[in-house]
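Notes for the structure review
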Amino acid sequence: MQNRSGSEDVASKKMADGGLPVIARFEVRHRNYLAPDGSINRPLPAFASDADLLTALYRAMVLLRIFDRKAVALQRTGRLGTYAVSLGQEAVSVGIASAMRGEDVLLPSYRDNGALIWRGVKLEEILLFWGGDERGNDFSGPVEDFPFCVPVGSQAPHAAGVAYAFKLRKEPRVAVCMFGDGATSKGDVYEAMNFAGVHKLPVVFVATNNQWAISVPLRLQTGCETLAQKAIAAGFIGEQVDGSDVVAVRAAAEAAIAAARDGQAPYFIEAVTYRLGDHTTSDDASRYRPADEVQARWKEEPIARLRNYLVDQKMWSKAEEEQLAAECHEGVEAAVERYLATEPRRPETMFDHLYAELPEVYAAQRRELAGEGDV
Amino acid sequence: MSEMTLVEAINLALARAMEDDPDVVVLGEDVGINGGVFRATVGLQTRFGPERVLDTPLAELLISGLCVGMAVQGLKPVGEIQFMGFLYPCIDQLVNHASRIRNRTQGRLTCPMVLRTPHGAGIRAPEHHSESTEAMLAHIPGLRVVIPSSPERAYGLLLAAIRDPDPVVFLEPTRIYRAAKGEVEDNGEALPLDVAFVLREGRDVTLISWGAMLKETMAAADALASEGITAEVVDLATLKPYDEATVLGSVAKTGRCVIVHEATRTGGFGAEIAALIAERGLTSLLAPVARVTGYDTVIPMARLEQHMMPSVGRIVTAARKACQFS
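Residues numbered from 1 in each chain as written. Chains lettered and ligands numbered in written order. Predicted model: local features only at pLDDT ≥ 70, side-chain atom pairs only at ≥ 80, totals over all residues.

Residues A:Val203, B:Val258 and B:Ala319 are the most contacted members of the largest nonpolar core, which totals 208 residues. Per-element tally for this core: the top contributor is helix 2 (residues 51–76) of chain A, with 11 residues. Apart from residues no more than four positions distant in its own chain, B:Ala319 is found in contact with B:Val205, B:Leu207, B:Ala220, B:Leu224, B:Ile229, B:Ala231 and B:Val258. (Core = buried A, V, L, I, M, F, W, Y, C linked by C-beta atoms within 7 Å. Buried ≥ 20, exposed ≤ 12 C-beta atoms within 10 Å, placed from the backbone. Helix = DSSP H or I, 4+ residues; strand = E, 2+ residues; numbered from the N terminus. Contact = placed C-beta atoms within 7 Å.)

Glancing now at unusual backbone geometry. With an omega of -15 degrees, the peptide bond between B:Lys240 and B:Pro241 qualifies as cis. Within the secondary structure, B:Pro241 is located in the loop between strand 12 (238–240) and helix 9 (244–254). Positive phi outside glycine occurs at A:Lys200, with the angle close to 45 degrees. As for its position among the elements, A:Lys200 is in the loop between helix 7 (187–199) and strand 6 (203–209). Judged by the 16 C-beta atoms lying within 10 Å of it, A:Lys200 falls in the partly exposed class. Unlike most non-glycine residues, A:His353 shows phi in positive territory, near 60 degrees. Looking at where A:His353 falls in the secondary structure, it is placed in the loop between helix 12 (318–340) and helix 13 (360–369).

The strands that make up a sheet pair up through hydrogen bonds in the backbone, lying either parallel or antiparallel. All names here are of chain B. A sheet is described by the order of its strands in space; here five strands give the open sequence 9-11-10-13-14, paired in mixed fashion. A single partner strand is all that each edge strand has here, and the edge strands are strand 9 (197–200) and strand 14 (290–294). Across the sheet, the axes of successive neighbouring strands diverge by a mean angle of 25 degrees, strand direction being ignored. Direction of pairing for strand 10 (residues 205–209) relative to strand 11 (residues 231–235): parallel, over a ladder of five bridges. Paired with Thr-206 across the two strands is Glu-232, which belongs to strand 11. Helix-sheet contacts for helix 12 (residues 312–324) involve strand 10, strand 11, strand 13 (257–264) and strand 14, and the interaxial angle to strand 14 is about 170 degrees. (Pairing = 2+ DSSP bridges. Axes fitted to C-alpha atoms, helices over the stretch in contact; angles between N-to-C directions.)

A word on the pairing of strand 6 of chain A. Each regular strand displays side chains that alternate between the two surfaces of the sheet. All names here are of chain A. Of all seven residues that make up strand 6, seven are buried, and the element is covered over most of its length. Residues of strand 6 alternate between two faces, with Val-203, Phe-205, Ala-207 and Asn-209 on one and Val-204, Val-206 and Thr-208 on the opposite face, all of them buried. With six bridges joining them, strand 5 (residues 175–180) and strand 6 adopt parallel strand pairing. What sits directly across from Met-178, in strand 6, is Val-206. As judged from the six bridges shared by strand 6 and strand 10 (residues 267–272), these two strands associate in the parallel manner.

Residue-level contacts link 32 residues of chain A with 34 residues of chain B. Mapped onto the side of chain A that touches chain B, the elements with two or more residues apiece are helix 6 (156–168), helix 7 and helix 13 of chain A. Per-element accounting of the side of chain A that touches chain B gives the leading share, nine residues, to helix 6 of chain A. When the residues that make up the side of chain A that touches chain B are grouped by side-chain class, the tally is 20 nonpolar, seven polar and five charged. (Nonpolar A, V, L, I, M, F, W, Y, C, P; charged D, E, K, R; others polar.)

Looking now at the packing of helix 6 of chain A against helix 3 (residues 60–72) of chain B. Between helix 6 of chain A and helix 3 of chain B, the least distance of the axes is 6 Å, while the angle of their chain directions is 50 degrees. Viewed along their axes, helix 6 of chain A and helix 3 of chain B adopt a mutual orientation that is oblique. For the element pair helix 6 of chain A and helix 3 of chain B, the recorded crossing hand is right-handed. On helix 3 of chain B, the residues touching A:Pro157, A:His158, A:Ala159, A:Ala160, A:Gly161, A:Val162, A:Tyr164 and A:Ala165 of helix 6 of chain A are B:Leu61, B:Leu62, B:Gly65, B:Leu66, B:Cys67, B:Val68, B:Gly69, B:Met70 and B:Val72. By residue class, the composition of the contact of helix 6 of chain A with helix 3 of chain B is 13 nonpolar, four polar and no charged. (Parallel < 35°, antiparallel > 145°, perpendicular 65-115°, else oblique. Left-handed = near helix turned anticlockwise from the far one by under 90°.)

All names here are of chain A. With eight of its eight residues buried, helix 5 (residues 123–130) lies for the most part within the structure. Among all positions of helix 5, only Leu-123, Glu-124, Glu-125, Ile-126, Leu-127, Leu-128, Phe-129 and Trp-130 are buried. Close packing links the buried residues of helix 5 with helix 2, helix 4 (113–118) and helix 12. Once helix 5 ends, the next one or two residues include Gly-132, with phi positive near 85 degrees.

Next up, the structure:
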């Protein structure tokens, strides 16, 4: 949180080194409720008394993990393309998306499968995308949400543009932009945050700090103590949350989205978590990351943490756990069947939706591809 | 109907588009109270307010990325990049997002944005202010690239670009911003995109060009006429997608073709036109296709830039040579 000191304040402050007055001070808060073992570190936010909501968050994280495992299996057996796993960081995408309204707009990065699922994107649509089919981006659910952004951080300026449109039209909607720790090194992200700060746009930036940008650790990504403090340079609040504590993520997202919607200011959330899996199915993290580091991080992972709390609070039982697992497997298998049964596209459809109306000069190429005569 | 310069016609088209459609938003560096460094947006902020005519922070990538976000949300953003040499941070946004979001989402999301930028050398401007890298843009599928060469076409083509449902890069010929004058009627009528304009009919040789270079090309046609050579002059106007039929039709008539552009030769857009003619117009050719272009070197700074750019003399020589070929 920031605290710009007034001029009177400055005069009364103790002089800093060299007798120069301190003109500004900034703070960054860290939010955490559940300890890694599921015990409570501080009083929980109001929503946590809603057992249905907490179990919904839990169910979404479990579904994501089961979906993830299946997606990797599909990739390993040649039925899916390169896939980015969410293992270990399920609480971030689920917690953030859970605080959004349907009419808000999500601008996800490629590892935010959990947010898409929460927002109503179908599992088979996500599989279609990772299976190399554009139709996977034609969401039937949140029709104004952006597709996965693959070039890192380049969707941040889009989020600012979306939020500007909301503000111009006086619509009480919020753009939520998600990216990883590596993206905070890009000018795109800073340029977008800077603009959002100038116009106090209804946008929330979420950095999932999973410690690794493929093989590059956070210490080589930034000299800052936190990523959250990058928001201070853009003129708004940056908060760090325990990204493996879904209660903390949800609480931070609620506060951020409410502030953005009210037109107070943009908001930045750094969700500190850990990527327990490889970067993607094309990566082998053992090349650059010691096994004992990963092993230690398994003790903090978000699903067991929330389960321990729920069981402790008598909100969750072994029977429910077994039923959930069965339901998730069944749902995922059914989605995989629909994915695999999707009718292939004809080659010439690659020209579809290139322009609103395909110019005649390219229509000839389309005809050639369709076997309807030479160009 | 009143006579105005090319940059005034651009201003008129912007005002007309903003008047007609509340979704049109103008953004860029210094486009507000200053009216743009070339004054293309002068008066717009006073008339339409700072929310629809906004001075952005000094960040070109941001301008293009904001345009994508706004356009996907249903606004019609018109971004300005002060000089073409500062357009390059926008290439990521143009290639990776603007030009493909319609295709990648199968039409669920679209990107009706315009990015305007001055194009070309010849005003003795500082370093990086004299670029003509249109071929790079014309290589991007899903994008439209437009460049007018007169006030009338600037007005009509810019209105068309703003109304078009897909992303358009609108290049403005810096050298003739004020040198080109003409009658423009503020009738709100757009000109068609993807259509080339035949500025002058002729039988002996086709001269194809775009933007400011049409000034020299038309002068060359005059000079050739005094030698008894009638040149047909084609203003390509839209480089992506371009009007292949008009190019091939003209070459079929004249049998000779000289392509004139300010940009460097290798991989320039003239190569694309020459290849088209080789593929589909070869039998009508009476002489090899010729290119009169900028040289394959870095655009010189102010003192030498005029030697880089095609001159009337170079165009006339190339056309004469084509006519004498046997």
